[in-house]
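# Overview (structure and organization)
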Amino acid sequence: QEQLVESGGGLAQPGGSLRLSCAASGFTFSRRTMNWYRQAPGKERELVATITPTSSGTKYADSVKDRFIISRDNALNTMYLQMNSLKPEDTAMYYCHCNSYGVNVWGKGALVTVSS
């Protein structure tokens with residue numbers, strides 16, 4: 001029953017913005033650190049951002065630092081990734097992920113394409 005469902009992907013122009021959402025169910029979302037990963041064609045999957053249960057700590061990959069913002073709303077069991085100043089190299093499948101307290105679950109992914 002543990003499940004993560006991404007939404008909000010799509011097409012953006014370079015310099016534009018998108019916001020991804022991740023809806024969690026089947027586990028105690030509010031107690032778990034959550035992650036966003038991405039994987040571009042022909043490349044390894046990489047960790048984009050991490051957020052602690054109460055949003056007291058966040059971490060970002062150097063490639064997205066100062067452009068992306070990870071956040072969460074525990075009352076809604078939802079995590080977000082606000083993506084600003086998008087670049088073509090941000091094009092990838094973006095995955096919501098949790099690996100904490102016995103939970104290891106991935107979303108199916110949301111495609112983000114950055115192109116003019």
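Everything in this summary refers to the structure shown in the same document. (Residues numbered from 1 in each chain as written. Predicted model: local features only at pLDDT ≥ 70, side-chain atom pairs only at ≥ 80, totals over all residues. Heavy atoms only, no water.)

### Here we look at the overall build of the protein chain
Across its full length, the protein chain carries zero helices and 11 strands. With the C-alpha coordinates aligned to their principal axes, the bounding extent of the protein chain is approximately 40 × 25 × 25 Å. Here the analysis covers contacts within the protein chain between residues at least 6 apart in sequence; of these, 52% occur between residues at least 24 apart. As displayed, the protein chain has an accessible area near 6300 Å², and 46% of this comes from carbon and sulfur atoms. (Helix = DSSP H or I, 4+ residues; strand = E, 2+ residues; numbered from the N terminus. Contact = heavy atoms within 4.5 Å. Areas by Shrake-Rupley, 256 points an atom, 1.4 Å probe, with all protein chains shown as cover.)

### Description of the nonpolar core
Formed by 31 residues in total, the largest nonpolar core has its most connected members in Phe27, Met34, Trp36, Met79, Leu81, Met83 and Tyr94. Beyond its immediate chain neighbours, meaning those up to four positions away, Met34 contacts Leu4, Phe27, Phe29, Ala49, Thr50, Ile51, Ile70, Arg72, Met79, Cys96, His97 and Cys98. (Core = buried A, V, L, I, M, F, W, Y, C linked by side-chain atoms within 4.5 Å. Buried < 20%, exposed > 50% of the residue type's maximum accessible area, 1.4 Å probe, protein only.)

### A word on the sheet that holds strand 1 (residues 3-7)
Taken in spatial order, the four strands make up an open sheet running 1-3-8-7, and their pairing is antiparallel. In this open sheet, the two edge strands, each paired with only one partner strand, are strand 1 and strand 7 (68-73). Looking at each pair of strands side by side, their axes are set apart by 15° on average, direction ignored. As paired strands, strand 3 (residues 18-25) and strand 8 (residues 78-83) are joined by six bridges and run antiparallel to one another. Directly across from Ser21, in strand 8, lies its bridge partner Tyr80. (Pairing = 2+ DSSP bridges. Axes fitted to C-alpha atoms, helices over the stretch in contact; angles between N-to-C directions.)

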